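Survey of secondary and tertiary structure
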Amino acid sequence: MLIYPFKLAIGAGVLLAVLYQLARHEADFSFGKAFMIVGALSISGFAVSLMLGTVVAFVATFVLGIWLIAKFLYVPQNKAIAAMAAYTGVQILLSWIF
């Protein structure tokens, strides 16, 4: 696929767009941090899905994403949950399109 090499950059852009909508005055909008968070979510989701299965990987990646967003992008916990839910929804939509 042509889009695959740019998936992490697109994911970081999507995460920053979601955070801009939900936590405009609270979040850190560093593209590098967002890129590393998306990369960590991708690698951990892949590794956990190989070991434990897809459903466990989805839940573990969702919880890890909430923690990473709250910890490294300085977003409150409730907004991190909403941001991760919106990010996951957008990623699912993008996976159906591409």
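Residues numbered from 1 in each chain as written. Predicted model: local features only at pLDDT ≥ 70, side-chain atom pairs only at ≥ 80, totals over all residues. Heavy atoms only, no water.

Quick look at the overall build of the chain now. Scanning the chain from terminus to terminus reveals 4 helices and 0 strands. Of the regular secondary structure in the chain, the N- to C-terminal order runs α-α-α-α. The C-alpha atoms of the chain give 13 Å as radius of gyration, which agrees with the globular expectation for 98 residues (13 Å, within 12%). With respect to the principal axes defined by its C-alpha atoms, the chain has extents near 35 × 30 × 20 Å. The buried share of the chain, taken over its 98 residues, is 33%. Intrachain contacts of the chain at a sequence separation of at least 6 include 57% that bridge at least 24 residues. Split by element, the accessible area of the chain, about 6100 Å² in all, is 75% carbon and sulfur. (Helix = DSSP H or I, 4+ residues; strand = E, 2+ residues; numbered from the N terminus. Rg over C-alpha atoms; globule rule 2.2 N^0.38 Å. Buried < 20%, exposed > 50% of the residue type's maximum accessible area, 1.4 Å probe, protein only. Contact = heavy atoms within 4.5 Å. Areas by Shrake-Rupley, 256 points an atom, 1.4 Å probe, with all protein chains shown as cover.)

We now examine the packing of helix α1 (residues 7-22) against helix α2 (residues 31-51). Interaxial distance between α1 and α2 falls to 8 Å at its minimum, and their mutual angle equals 115 degrees. The chirality of how α1 crosses α2 is right-handed. Residue-level contacts link L8, A9, G11, A12, G13, L15 and L16 of α1 to F31, A34, F35, I37, V38, G39 and S42 of α2. For the contact of α1 with α2, a count of residues per class yields 10 nonpolar, 4 polar and no charged. (Axes fitted to C-alpha atoms, helices over the stretch in contact; angles between N-to-C directions. Left-handed = near helix turned anticlockwise from the far one by under 90°. Nonpolar A, V, L, I, M, F, W, Y, C, P; charged D, E, K, R; others polar.)

What follows deals with the nonpolar core. Ranked by internal contacts, the top residues of the largest apolar core, which has 22 residues, are L15, L19, I69, V75 and Y87. Among the secondary structure elements, those contributing two or more residues to this core are α1, α2, α3 (54-72) and α4 (77-97). In terms of residue count, α1 provides more of this core than any other element does, 6 residues in total. Dropping the residues within four chain positions of it, L15 is found in contact with A34, I37, V38, I69, L73 and Y87. (Core = buried A, V, L, I, M, F, W, Y, C linked by side-chain atoms within 4.5 Å.)

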